[in-house]
Structure formats: C-alpha cells, structure tokens
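The primary structure of each chain is shown beneath.
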4 protein chains.
Amino acid sequence: MSLVIAGHQLRSRLILGSGGFANLEVLRAAIEASGTELVTVALRRVEPGADGSLLDVIEEAGCRVLPNTAGCYSAREAVRLARLAREALGTEWVKLEVIGDEDTLLPDPAELLDAAATLVAEGFVVLPYTNDDPVLAKRLEQVGCAAVMPAGSPIGSGMGINNPYNLRLIRERSQVPVIVDAGIGTASDAAQAMELGCDGVLLASSVSRARDPVKMARAMRLAVEAGRAAYEAGRIPRRTFAQASSPTDGMPALSPSASASQRTG
Amino acid sequence: MSLVIAGHQLRSRLILGSGGFANLEVLRAAIEASGTELVTVALRRVEPGADGSLLDVIEEAGCRVLPNTAGCYSAREAVRLARLAREALGTEWVKLEVIGDEDTLLPDPAELLDAAATLVAEGFVVLPYTNDDPVLAKRLEQVGCAAVMPAGSPIGSGMGINNPYNLRLIRERSQVPVIVDAGIGTASDAAQAMELGCDGVLLASSVSRARDPVKMARAMRLAVEAGRAAYEAGRIPRRTFAQASSPTDGMPALSPSASASQRTG
Amino acid sequence: MSLVIAGHQLRSRLILGSGGFANLEVLRAAIEASGTELVTVALRRVEPGADGSLLDVIEEAGCRVLPNTAGCYSAREAVRLARLAREALGTEWVKLEVIGDEDTLLPDPAELLDAAATLVAEGFVVLPYTNDDPVLAKRLEQVGCAAVMPAGSPIGSGMGINNPYNLRLIRERSQVPVIVDAGIGTASDAAQAMELGCDGVLLASSVSRARDPVKMARAMRLAVEAGRAAYEAGRIPRRTFAQASSPTDGMPALSPSASASQRTG
Amino acid sequence: MSLVIAGHQLRSRLILGSGGFANLEVLRAAIEASGTELVTVALRRVEPGADGSLLDVIEEAGCRVLPNTAGCYSAREAVRLARLAREALGTEWVKLEVIGDEDTLLPDPAELLDAAATLVAEGFVVLPYTNDDPVLAKRLEQVGCAAVMPAGSPIGSGMGINNPYNLRLIRERSQVPVIVDAGIGTASDAAQAMELGCDGVLLASSVSRARDPVKMARAMRLAVEAGRAAYEAGRIPRRTFAQASSPTDGMPALSPSASASQRTG
C-alpha cells in the first residue's frame, strides 16, 4: 500500500488539498484523519502571517508540501509561479495547473504541455493536473512529468468519474503514477478510482466542503484502502446471468445432528 | 457504526455468505478479515459431518448463524425448510429466499410475501431476499419482516447496483433496516450501497469467488465503513460547474518570508 | 413495422396516453403526429359531456381506445372499474393499473397479479402496467395477459430506462409483446427501448407535457421507428479499442488522376 | 432541420463516412437511405481506378465530398495530405485528423491545433476531429475552424457518448457547429447527441459495419431527426417522484352515457 513518486515513497495513496477548510484546526484534524503524507497549497494563498501557519500545520503533521499553480491561465504565468514556489518553499515538487476555462477550470492542453516541458528541464518534479485525454497524458509523461493527474470531472463538481474508460486507458498506458485529481465527490468515487488501477487520488472540496470534513477525510482514507485492496484482490467478473453462491443441486437435506447449539455471536 | 436487527445489535454492517469458499480455512480467514458478526448458511449444504464443521467455524468466529432457504421455489417449500432450520440450528432468524427464476435467481414476489407472512406468524425473525421494488419492500415490512434485503442486481452477477434510484426509495420509506443483498461486485459497489443510506450489505460471491477472498473480505469491510462514514459526513452536492477549492481572486502573490524550510515528510 | 396484440395488428409501435394535454385540439394533433393507432383513456376522466368528445377525438383519428384503471389501489377496485369500462366503451381491452404507492405510482405486484387473473378469466384482453421485475412479468404472462408493460422508471418521472438489464431479461423470456410503459422522457429513451428488443412504448407525459407536444409526438414516432430499425439492422458490437473505419495500412497515396472535378453537392 | 457549415447549407444533419462498406453498391444505397449530403473519404484510399468510382458514387448521389486526413500522425503529415486533397479533389473542405495513439485513434491535441491553424491560414474550411475536451474545442474555434467534431468515444468502438457532460459543455460554449464524430453505435446514441444540442453527427462504422448497413442508415436518419425534434420540442424535466399523466383525484366515476359505441380502430 505505498505510492512512489519520483523515487519518494508515500505510505498513503491519498493527497489532500489544503483549500476550502473552515480554519486551520479543521485542516489539521482532516490531515490526520485522512492519513495523507502530501498536501497541496495554492501559492497565491500563502501569506507572510496567516499562511506561515498553514505551512506549519502541514509540516507539523509530517507531510510534504506540494505547491500548486492554481489560478494560472498560461504556461508563462505557471512557470513563473512555480519558480517562485521553489525559491520560497524549498521544494522542486509542483502540482502544475494551467487553466483554460474559468467556468470549468479545465486545463489548457497545449499550454500545460509547454509549461510541463519547461519545468522538467529546470529540474522540477512536475505533477500536472490534466484532463482525461489518454494522448495528452502520454505526452506529459514523454516530456518527463513524474506523474499524471487526470480529472475525473471538473474541480469542485463532485460528479465523480465521468469517463472511467478514459482513466483506464490512461492507467494501462502510463509508466508513471496516475492520480485522479478533481471531481471526486464521495467515498465510492475514490474507491472506484483505485479499482480502475489508478495509483492515488487528490482530494480537496470533497473533504473540505463536506458537512463534516474530518469524518469525510476518514471515509476517504478507508475508501482508498478499500479500492486498492479490491483491485489487488481481483474482483469477480460481471456476468449477465446469476450464479448461485450456494449451489444446492443434489444436496442432502438438513441433518438433525447439526443442530447442536445456539449459534448467536 | 452498528446495525440493529430485531433488537439484536451487530457491530458490523457487513453480512457474509458462507457459500463458494474453496475450503473452511479460507472461510475462517475471510470472516475474520471482513469483521462480520452474521454469516448465512444454505440449509441444504449442512451435512452431519463436514457441515458440522461449517457451523463450528462460524460459531468459533463469534458469529451468529443466519440460515437461508436457498434453492426453494415456492412458499410452501421455503416455509418447510425454515422450520427445519429452526429446529436444527436453534435460531428463529431466517434469510428467506423464494426463487422465481432459475437463471436469474430473482425472487417470486407473491410467493415471497406469502412465505414471509406465514413465518412471521410463527415467530420467525424474517429477513427476506427481495427484488428492488419499493412496493414489495413495503409489503414485506407490513407483514412484519425484521429487515428487507433488496438485490442490487442478480445473485453472483457482480453487476453492482443496477437501479440506485429504487434502493434510495426503499430506504427512504422503510422503518426496518435495508440490506443490499446480491449483485455487489467490488468495494465501490458496497460503498455506494451505504452512501444511498442502506443499513448493511450481504456479500457472498464477491468475496468467496474473488481471486484473493481474504483480501477482498478486508476490502469490503473498509468499503462498508467508508461508505457509511461518507453518508454520515454529508457529501458535497454535485455541481454542473467547477468550484475552485482554492479561490485566488485578489490574493497576494507568494511572500518570500514563508519560505522558511523544506517541507518534506 | 407492426405490433400484434391479441391477434390485432397495429401499424404503429407507439401507444399514446390521452391525459395531460392542454386541450382536445392538441391531443388530436399529437395523435396524428405520433402515428399511433391505440390511445389510452383514464376511465375516471370520462365524463358525459366533455369526455364524450375525448372519445370522439380518438375515434375520429381511427384509433382503438384502451381504457385504463388509473387511480385504483386494489385488485377489487381495478376489476370493478374494468367491468364498467367494458360495458361503457364496448371493448374487452384494458390497461390494468393497480397502484401500490401514491408517490411513485408503482404497481402492487400481488394485487396486480390477482386482478390480471380475474380479468383474463372474464374474457378481457389484459395489458398490465407492471414494474421491471422479470419474474412478475413472467407470472403475468402465465395467467394469460396479452402483453406486459413494464415501467422504465416511475410514471411522469422522465428518467428514462433505469434498468435496461431487466427490460432485456423480460424481453428475452416473454412470449407476448413487451411494451415499455412509463418513464420515457425523450426520443433517445424511446429508441433505446426498441433497441432492447421491446415491441412498443406507451407514452403519456413525455408528449403531453413537453413544451411543444405535437413536435414531441413526431419526435417519438421517428424515434420508435429508428430504434426498431436499428434493432433489426444489427448494431456493431461495443469494442474496447478503436477500429478504423478507413484502414490505411499499406494504402497508396492519393492519385492525381482522381482529381477529376469539383465534388460539391 | 438544416445545418450550416461555413455558409454552406446542408439539409441533413448526418454526415456519412465512406469507409468500411462491403462494396460501392451498398455505399450508394446507404447514402440514399441516410439522406446525407456530405460524405467523407479517406484520401489514402482514393486510387485511380476503383476509387474514381468511389467519388463517382458520392457525386452521383448529389453529395459534397469531405476528404479526411485519416492515418496522419503529425501536423506536418496532415497538412501535406490536406493540400494534396485540395488539389486533387478541388475542395477547400477537409476533415482534419491528427492521430495521437494508434490503438484508440484519439487525436493529438497539440498537433491538431497546429495543423488546424496552418490550414485555416491557407484558406481551408477545417472540420477537426477532436477529443471531448471543452478547452481544446474552444481553441480550435479560436484558430478559425468552421466546426468542431468531438468524439463520443473512440472511432469504431460503438460505445456511444461516454461523457455527455463534456459534449454539452462544448455545445454551450461554441459559436460554430458541433458535430459528434466517432463512437456512435446505434440509433439512440445519435438521438442523444442531437438532444444534447449538437448540430450533427458523423457516422462511419456504425452504419458500414452493421449487419444491414442500409437499414441502419435509415435508422440513423430517423434517429437524427427524432433527436433534433425532441431537442426543439422541449422535453419534460426529470423528476424524482412520479406525476400522474391522468390525475384522478375528485374525478367522477365513469358515466354510462359515454358508452356510445365501439372504439376500435
């Protein structure tokens, strides 16, 4: 049950976004309940005072910080912000977002690819937020991204995985970890992502905006573990017709001698 | 996290079928991994020798035995078998199956209702395996069943929940526990059942016929807990348009003073 | 393209409900646009004055009238209403509804089966509105119904076909026509019903409550014909991987001699 | 019921691919049955002899020819082929395909965008085959494409529309026609595409590889008309609970005076 990104081993397959929480106490508790070891921060939200404490919370929880380039609408802007982040936070890791549409917050494929190539060349560990296009995912891997992070559906939409087929394609063809980033709404969505073979999920609104964020964080931890275990356990195939779990053909009737005793727990 | 049936409290919301396992050792390990406290047995499979040991395994695991009437095609036959079970196993509890079709193993609604009424009148705690019809579920409750157990899809099919809308209707209108029985294929299906508000799931083939039944039993335990916790935590609504988890409008740019130190875990 | 019910041939596979229309003129135009030859009427809506004209509209359109027992909540009530209808309207045909739940208007399976058996014994041509349970559908056929009419989803819900698998099962096992009754919301739903192999669809709210009922009636006529033709034409299988419609391996490049002339239409 | 591309009016919203047909006779009959006025040809398949007759068939049917760049894996290759096509076939129209993956035949987003910009600058009427990414669709429009043609699912897969949400987004934001190209398997898929508001569909394998291609061509023509009419007619909303088409509360019982006469058709 571990996820390896750029040679760095994470015991949890769940990555948590730090945005949208009511306050830092809730964030702290959610981080703990989720079991995560990697937490994203929007660079623009990091301010000298209050946000120093955001970073403190993440650090004290023993988590690696993953700066993102949320709010950037061009490769140039994203690259500039990533460089600032590296300098400020002392990490080469960056969750690369280059938004192409302000309503859906879906990425701009060409700008994303450009930004990824530039940052890889500068030594960054690039984790790009991408759409669910298998070809773009492969291109991002080819320019050297450390993982690909396709959306299940738009950020904050909670629609879950709109096109499981595409995610499966991405997973089958990828040599780097595939992390479902965006769209997860509830626990079964996270489990499904893992059952498709994906290596991790990145959660933000589904946890931070749930009625009870800490309980949802725990639900997501369990769901990711459940989905991964089910994937490894090898599920039964889907069948068109029923198959009895207890075939009874030719079975003898109940024997009185089995009546022994009460069977209650 | 507890399920109450007929006044009896179960700490696990997962009910396990004992059929289809390779041998009793695998069953024993799967029971433990699943965390269940209630295990079904097909009466016709209980034989003096070998099956005494089936009951022993369940009893030693601290579980209550739930005899089922698998293989019965009429109310008369099911009632007769339930009476034999009560005498033999010393329990009033019965999972009532009255099959109406040998290919799909779907229940016969009229015969099921008849058998349920008869058994309730005789003091049984009746847990009927039913289709996903909200009206039939209500009728079963009205004749005194202790729970209703609708199929997500046919037994052993692994198709999951074919009609979530019907399960939600059944749950909203029921005063007794609703347990999804049949059709679950993998962990996300079990989580979804719980997210719909259902009170439990009954698993058989999805565990016993998985490539690694014990690991799947554990996956299912986690999935049931995840789905229930997500249900209680209150998920975010589905939205048509994206909502940024990290709103960045008017945010100051990254401040150098936040650069403090390396944030790795 | 014809549907045979109880030896009576209908050129259209579309059955239209007469309820919910703004006025009789719209109904008249919708009947014509739909191409139907069979129109249902709720008996309780048939009044001496105004409703005489409802029947006139149907008769003048050359359609057979199909009285229904809408609003009945027991076998006894439905049987009584069917007898009244036969006497009043001079037809043995009846669309049998025995509602089991006033919110969803889903049928009561046991009462429906009782009423169907009674009416068949009295010489009625019984077309029962049923849920999508394959076993109940088979029982209705076995007591002598002339067709079975499963719901795709609840009446007036417009959700379409919630469980296509069940409808396919019903169609595969039935010796009488299977007509999807209830739940159809738009044209693609009607086409899907026919592609599943069903013999007809019964439409009411989807037409009468559309913004433009007459145009929707025409859409539905086309959709039913489209779906049936597609069913008969034999669709391509679903594939996991792409198959080029224009394989180009080893193909010669474009030849200049094909340039002949302008190809515009 | 007409589709306007680059100022050219087409009476049919159905575009047909010419590949995959058993022979030219079947193609000729399918064109007629489909009602199309625009037929694609793979340039590489056009040979001096036999393929001169392919173009003849299209021309004699009164259809405009739409050359495609099937089989091209780079912008450079696709641009070169488009130029050859213009010279050879005397049409500025081109269906632009730049494949990014040989298994799924999904397009390469960056190469596609480059090729589109180049061809638009050279005066082509560019109809790009794209994935279902709303951002890429908008970029293609911005560089001057005359329409965008997103895939419902991979070419030849027959899976239908895997992500209706994305197609709806593309349609809502586009100022040029949106034509679903690839993935359609059967009539209801085509109807659904139109109900999502799309302006047309491009069909190839679903027709040419159906068991009866000519009947399927007719089914598709009806389905496209049905879907468009339903879209224009304004469907009923989806409801969670049932709404009776024939409200019966407070209705008088059947009146004998309505019994007039036999109502059969």
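Residues numbered from 1 in each chain as written. Chains lettered and ligands numbered in written order. Predicted model: local features only at pLDDT ≥ 70, side-chain atom pairs only at ≥ 80, totals over all residues. Heavy atoms only, no water.

(A) Region of interest: the overall build of chain A. Within chain A one finds nine helices and 10 strands. Going through the 265 residues of chain A one by one, you find that 66% of them count as buried. Counting only contacts in chain A whose residues sit at least 6 apart along the sequence, the fraction spanning at least 24 positions is 64%. Accessible surface, chain A: about 8,700 Å² in total, of which carbon and sulfur atoms supply 46%. (Helix = DSSP H or I, 4+ residues; strand = E, 2+ residues; numbered from the N terminus. Buried < 20%, exposed > 50% of the residue type's maximum accessible area, 1.4 Å probe, protein only. Contact = heavy atoms within 4.5 Å. Areas by Shrake-Rupley, 256 points an atom, 1.4 Å probe, with all protein chains shown as cover.)

(B) Fine view of the pattern of salt bridges. One pass over the full model with this rule turns up 60 salt bridges over all chains. Of the charged contacts in the structure, one is a salt bridge between C:Arg28 and C:Glu25, with a shortest N-O distance of 3.0 Å. With C:Arg28 and C:Glu25 both in helix α1 (residues 24-34), this residue pair falls three residues apart, about one helical turn. Within the structure, one salt-bridge network assembled from shared partners comprises A:Glu25, A:Arg28 and A:Glu60. (Salt bridge = Lys/Arg side-chain N within 4 Å of Asp/Glu carboxyl O.)

(C) Quick look at the packing of helix α1 (residues 24-34) of chain D against helix α9 (residues 213-233) of chain D. Residues and elements named next belong to chain D. It is at 7 Å that the axes of α1 and α9 come closest, and there the two elements cross at 20°. In this view, α1 runs roughly parallel relative to α9, as classed from their interaxial angle. In the packing of α1 onto α9, the handedness of the crossing is right-handed. Contact with α1, carried on its side by Val26, Ala29, Ala30, Ala33 and Ser34, involves Pro213, Val214, Ala217, Arg218 and Arg221 of α9 and no other residues of that element. Residues belonging to the contact of α1 with α9 are distributed by class as follows: seven nonpolar, one polar and two charged. (Axes fitted to C-alpha atoms, helices over the stretch in contact; angles between N-to-C directions. Parallel < 35°, antiparallel > 145°, perpendicular 65-115°, else oblique. Left-handed = near helix turned anticlockwise from the far one by under 90°. Nonpolar A, V, L, I, M, F, W, Y, C, P; charged D, E, K, R; others polar.)

(D) Structural detail: helix α3 (residues 75-89) of chain A. All names here are of chain A. Helix length check: α3, at 15 residues, gives a terminal C-alpha distance of 21 Å against a target of 21 Å (1.5 Å per residue), a fit within 8%. Burial in α3 covers these residues: Ala75, Ala78, Val79, Leu81, Ala82, Ala85, Ala88 and Leu89. Backbone geometry just downstream of α3 places glycine 90 in the positive-phi region, at approximately 65°. (Expected span 1.5 Å × (residues − 1).)

(E) Focus on the environment of D:Gly160. Locating D:Gly160 in the fold gives a position in the loop between β8 (149-150) and α6 (164-173). The residues touching D:Gly160, leaving out its near neighbours within four places in the chain, are D:Gly152, D:Ser153, D:Gly183, D:Ile184, D:Gly185 and D:Asp189.

(F) Fine view of the UniProt feature "binding site: 1-deoxy-D-xylulose 5-phosphate" (unreviewed entry) in chain A. Residues and elements named next belong to chain A. Mapped onto this numbering, the UniProt entry annotates "binding site: 1-deoxy-D-xylulose 5-phosphate" (unreviewed entry) at Gly156, Ala182, Gly183, Ala204 and Ser205. Across 50 residues in sequence, these annotated residues keep their C-alpha atoms within 9.2 Å of one another, forming a single compact spot. Inspection of the secondary structure assignment puts serine 205 in helix α8 (residues 205-208). For serine 205, a relative accessible area of 5% corresponds to the buried category. (UniProt positions renumbered as here; feature names shortened; annotations may be inferred.)

(G) Structural detail: the nonpolar core. Core analysis: the biggest nonpolar cluster contains 136 residues, and A:Leu96, A:Val207 and B:Leu96 have the highest contact counts within it. Contact partners of A:Leu96, with chain neighbours within four places excluded, come to A:Thr69, A:Ala78, A:Leu112, A:Ala115, A:Ala116, A:Leu119, A:Val126, A:Leu127, A:Pro128 and A:Tyr129. Within the second largest apolar cluster, 134 residues are counted, among which are C:Met216, D:Leu113, D:Ile170 and D:Ala226. (Core = buried A, V, L, I, M, F, W, Y, C linked by side-chain atoms within 4.5 Å.)

(H) Representation of empty space enclosed by the protein in the model. Under the defined criterion, the tally for this structure stands at six cavities of 30 Å³ or more. Computed from the structure, the largest cavity encloses a volume of approximately 120 Å³. A:Leu106, A:Asn131, A:Asp132, D:Asn163 and D:Asn166 are, among the 16 residues lining the largest cavity, the residues nearest its centre. Split by residue class, the lining of the largest cavity holds five nonpolar, seven polar and four charged. (1 Å grid on protein atoms, 1.4 Å probe; cavity = no way out; pocket = protein on both sides within 12 Å on 5 of 7 lines; lining within 4 Å. Points joined across faces, edges and corners; volume = space filled by probe spheres on them.)

(I) Up close: the pairing of strand β7 (residues 125-130) of chain A. Residues and elements named next belong to chain A. With six of its six residues buried, β7 lies for the most part within the structure. Burial along β7 is two-sided: the face carrying Val125, Leu127 and Tyr129 and the face carrying Val126, Pro128 and Thr130 are both buried. Sheet analysis places strand β6 (residues 93-96) next to β7, joined by four bridges and oriented parallel. Counterpart to lysine 95 in the pairing with β7 is leucine 127. One crossover worth recording links β6 to the parallel β7 by way of helix α4 (residues 109-121), and it is right-handed. (Pairing = 2+ DSSP bridges. Right-handed = clockwise from strand over helix to strand, strands pointing away.)

(J) Local environment of unusual backbone geometry. Here the phi dihedral of C:Ala182 falls at roughly 100°; this positive angle occurs in a residue that is not glycine. Take C:Ala182: it is sitting in the loop between β9 (179-181) and α7 (187-195). Unusually for a residue other than glycine, D:Leu105 sits at a positive phi of about 60°. Take D:Leu105: it is sitting in the loop between β6 (93-96) and α4 (109-121).

(K) Local environment of the packing of aromatic side chains. This model, assessed by the stated rule, comprises zero aromatic pairs over all chains. Here B:Arg64 stacks its cationic end above the ring of B:Trp93, 4.0 Å away from the centre of that ring. (Phe/Tyr/Trp six-rings, centres within 6.5 Å; stacked < 30°, edge-to-face > 60°. Lys NZ or Arg CZ within 6 Å of the ring centre and 35° of its normal.)

(L) View of the environment of A:Val214. All names here are of chain A. Relative to the helices and strands, valine 214 resides in helix α9 (residues 213-233). Residue classification places valine 214 among the partly exposed positions, given a relative accessible area of 28%. Spatially, the C-alpha atom of valine 214 lies 9.1 Å from that of arginine 28, the residues being 186 residues apart in sequence.

(M) Structural view of the state of the cysteines. Counting across every chain of the model gives zero disulfides over all chains. Summary of cysteine pairing: B:Cys72 is not part of a disulfide, and the nearest cysteine sulfur, belonging to B:Cys145, is at 16 Å. (Disulfide = S-S within 2.5 Å.)

(N) Spatial organisation of the confidence of the model for chain A. All names here are of chain A. Of the residues in chain A, 87% reach a pLDDT of 70 or more, and the chain-wide mean stands at 89. Low pLDDT (under 50) marks residues 247-265, which in the prediction has 45 contacts with non-local residues, meaning those over four places away or in another chain. Scoring the predicted complex yields pTM 0.88 and, for the interface, ipTM 0.87. (pLDDT = per-residue confidence, 0-100.)

(O) The arrangement of helix α9 (residues 213-233) of chain B in detail. For α9(B), spanning 21 residues, the distance from its first C-alpha to its last is 30 Å, which sits close to the expected 30 Å at 1.5 Å a residue. Positive phi appears at B:Gly234, one or two residues downstream of α9(B), with a value of about 80°.

(P) Quick peek at the packing of helix α7 (residues 187-195) of chain A against helix α7 (residues 187-195) of chain B. Between α7(A) and α7(B), the shortest axis-to-axis distance is 8 Å and the interhelical angle comes to 175°. Taken together, the axes of α7(A) and α7(B) are roughly antiparallel relative to one another. Together, A:Ala187, A:Ser188, A:Ala191, A:Gln192 and A:Glu195 of α7(A) and B:Ala187, B:Ser188, B:Ala191, B:Gln192 and B:Glu195 of α7(B) make up the contact between the two elements. Classifying every residue of the contact of α7(A) with α7(B) by side-chain character gives four nonpolar, four polar and two charged.

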